[in-house]
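Next come the chains, spelled out residue by residue.
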Amino acid sequence: MNTLQNMPQKNKNIDWNKRLYLHQPDEDVWRKIEEKLDFESKLSNCLCELPVHYPDLATWEKISSNLHSKKTINFKYLYVAASIAVVIITSTIMVQQFRKDKYIATITQKHSISENDLEEAAIAEIQTYCSTQMPACEESRFKELMQLYEELKAEEAQLNRAIQQFGDSPEMIQSIVKIENLKSATLQDMIILIQS
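Analysis parameters
Just so you know, the residues in each chain are numbered from 1, in the order the chain's sequence is written. Reporting of local features is limited, given that this is a predicted model, to residues whose pLDDT is at least 70; pairs of side-chain atoms are given and counted only at 80 or more, and all residues count toward the totals for whole chains, interfaces and linings. With hydrogens and water stripped out, all remaining heavy atoms of the structure feed into the side-chain values. To qualify as a helix, a DSSP run of H or I must reach at least 4 residues; to qualify as a strand, a run of E must reach at least 2; elements of each kind are numbered from the N terminus. The cut-offs for exposure are 20% and 50% of the maximum accessible area for each residue type, with area from a 1.4 Å probe on protein chains only; residues under the lower value are buried, those over the upper are exposed, and the others partly exposed. All axes here are fitted lines through C-alpha atoms, helices being fitted over the stretch that makes contact, and every angle between N-to-C directions spans 0 to 180 degrees. When an angle is under 35 degrees it counts as roughly parallel; over 145 it counts as roughly antiparallel; between 65 and 115 it counts as roughly perpendicular; any other value is oblique. Throughout, a crossing is termed right-handed when the near helix is turned clockwise from the far one, and left-handed when it is turned anticlockwise from it by less than a right angle. Polarity classes work like this: nonpolar for Ala, Val, Leu, Ile, Met, Phe, Trp, Tyr, Cys and Pro, charged for Asp, Glu, Lys and Arg, and polar for all others, with Gly in that last group. Any Lys or Arg side-chain nitrogen located within 4 Å of an Asp or Glu carboxyl oxygen qualifies as a salt bridge. Multiplying 1.5 Å by the residue count of a helix minus one yields the expected span of that helix. Candidates for patches are residues over 30% relative accessible area with no salt bridge; among them, like charges are joined within 9 Å and nonpolar side chains (Val, Leu, Ile, Met, Phe, Trp, Tyr) within 5 Å. To measure how exposed things are, a 1.4 Å probe is used in the Shrake-Rupley method; for residues, cover is taken only from the protein chains shown. Residues belong to a common nonpolar core when they are buried Ala, Val, Leu, Ile, Met, Phe, Trp, Tyr or Cys residues joined through side-chain atoms within 4.5 Å. Where each domain begins and ends follows an automated or database-derived domain assignment. Working rule for contacts: check all heavy atoms of both residues, and any pair within 4.5 Å makes them a contact. In this charge count, Lys and Arg are treated as positive and Asp and Glu as negative; neither His nor the chain ends contribute. All charge positions are set by atom: Lys at NZ, Arg at CZ, Asp at CG, Glu at CD. pLDDT measures the predictor's confidence residue by residue and takes values from 0 up to 100.

**With respect to the overall build of the protein chain**
Thought 1: A tally of helices and strands in the protein chain yields seven helices and zero strands.
Thought 2: Secondary structure elements of the protein chain occur, N-terminal to C-terminal, as α-α-α-α-α-α-α.
Thought 3: The buried share of the protein chain, reckoned over its 196 residues, is 12%.

In structure tokens:
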């Protein structure tokens, strides 16, 4: 409560200039400022009075003779060496990329052949069951799954043709993986329907 009483009231008639403290810097501060100003002026005066030294002619001749006696690099040879290095590095990178692409294509082909073999065996098994007039093969759900499988197989064939024609991309590989997973799930659903 005492602090509230000591605080000035909001009054527009208060002269704030009379309440402000007057602050004067010490004499030491002014003296230091004057010294710095004097130093700069003294320095500029002394620069003109500094002696100028010139080396004698024999020293300049030694320096100039050493400059001309050094062997200069022939940049023509440097450019030729740099271009040969660029050709070697580029060809090495291209050969490694070709080998990598060939290896990936071989692995992909072997992988797809083994998956295709399993897939073909599963479809052959399903068709064998359906040829014995299984009632599950006549259900609409089974027919829908068979149609879905055929559509997925057609899409996969189109994607594989596009990859062979234009090269692969991460999106295309991802699409093929999704299609293979959907085909596998569709085959499993058909087998479950036949066995039930």
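**Quick look at the packing of helix α6 (residues 140–166) against helix α7 (residues 170–195)**
In a pair of packed helices, the angle between the axes and the distance between the axes together describe the arrangement.
Thought 1: One way to put it is that α6 packs onto α7 with a least axis distance of 9 Å and a crossing angle of 155°. Considered as vectors, α6 and α7 are oriented roughly antiparallel to each other. Where α6 crosses over α7, the two elements pack in a sense that is left-handed.
Thought 2: When the residues that make up the contact of α6 with α7 are grouped by side-chain class, the tally is 17 nonpolar, three polar and seven charged.

**Re the pattern of salt bridges**
Thought 1: Across all of its chains, the model carries five salt bridges by this definition.
Thought 2: Put simply, Asp 28 and Arg 31 hold a salt bridge, and the shortest N to O gap is 2.1 Å. Here Asp 28 pairs with Arg 31, and both are found in helix α3 (residues 27–49), just three residues apart, close to one helical turn.
Thought 3: Judged by relative accessible area, Arg 31 falls into the partly exposed class, the value being 42%.
Thought 4: Two residues, Lys 143 and Glu 138, come together in a salt bridge whose shortest N-O distance is 3.9 Å.
Thought 5: The partly exposed category is assigned to Lys 143, whose relative accessible area is 46%.
Thought 6: Since its relative accessible area comes to 53%, Glu 138 is described here as exposed.

**Regarding α7**
Thought 1: Here α7 contains 26 residues, and its C-alpha end-to-end distance of 38 Å stays within 8% of the 38 Å for a straight helix at 1.5 Å per residue.
Thought 2: If you check which residues of α7 are buried, you get Ile 176, Ile 179, Lys 183, Thr 186, Leu 187, Met 190, Leu 193 and Ile 194.

**Some thoughts on a nonpolar patch on the surface**
Thought 1: A cluster of nonpolar side chains, namely Val 29, Trp 30, Ile 33 and Leu 37, defines an oily patch on the protein surface of about 380 Å² accessible area.
Thought 2: Among the structural elements, Ile 33 can be located in helix α3.

**Brief notes about the nonpolar core**
Thought 1: Core analysis: the largest hydrophobic core is formed by 12 residues, namely Ala 122, Ile 123, Ile 126, Cys 137, Phe 142, Leu 145, Met 146, Tyr 149, Leu 187, Met 190, Leu 193 and Ile 194.
Thought 2: Counting residues per element, the ones that place at least two in this core are α5 (75–131), α6 and α7.
Thought 3: In terms of domain composition, this core takes at least three residues from each of domain 1 (72–132) and domain 2 (133–196).
Thought 4: Apart from the residues lying within four places of it in its own chain, the contact partners of Leu 145 are Thr 186, Asp 189, Met 190 and Leu 193.

**Some details on the environment of Met 146**
Thought 1: Tracing the sequence through the fold places Met 146 in helix α6.
Thought 2: Each C-alpha atom of the pair Met 146 and Thr 186 lies 7.8 Å from the other, and the pair is 40 residues apart in sequence.
Thought 3: Discounting chain neighbours no more than four positions away, the residues touching Met 146 are Ile 126 and Met 190.

**Focus: a negative patch on the surface**
Thought 1: Taken together, the side chains of Asp 26, Glu 27, Glu 34 and Asp 38 define an acidic patch exposed on the protein surface.
Thought 2: Its location among the elements puts Asp 26 in the loop between α2 (16–19) and α3.
Thought 3: Judged by its relative accessible area of 55%, Asp 26 is exposed.

**A look at the confidence of the model for the protein chain**
Thought 1: The share of residues in the protein chain with pLDDT of 70 or more is 78%, and the mean pLDDT across the chain is 76.
Thought 2: The weakest mean pLDDT in the protein chain belongs to helix α1 (residues 2–6) at 48; the strongest belongs to α6 at 86.
Thought 3: Ignoring residues within four places in sequence, the model shows residues 1–5, a span with pLDDT below 50, making one contact including any to other chains.

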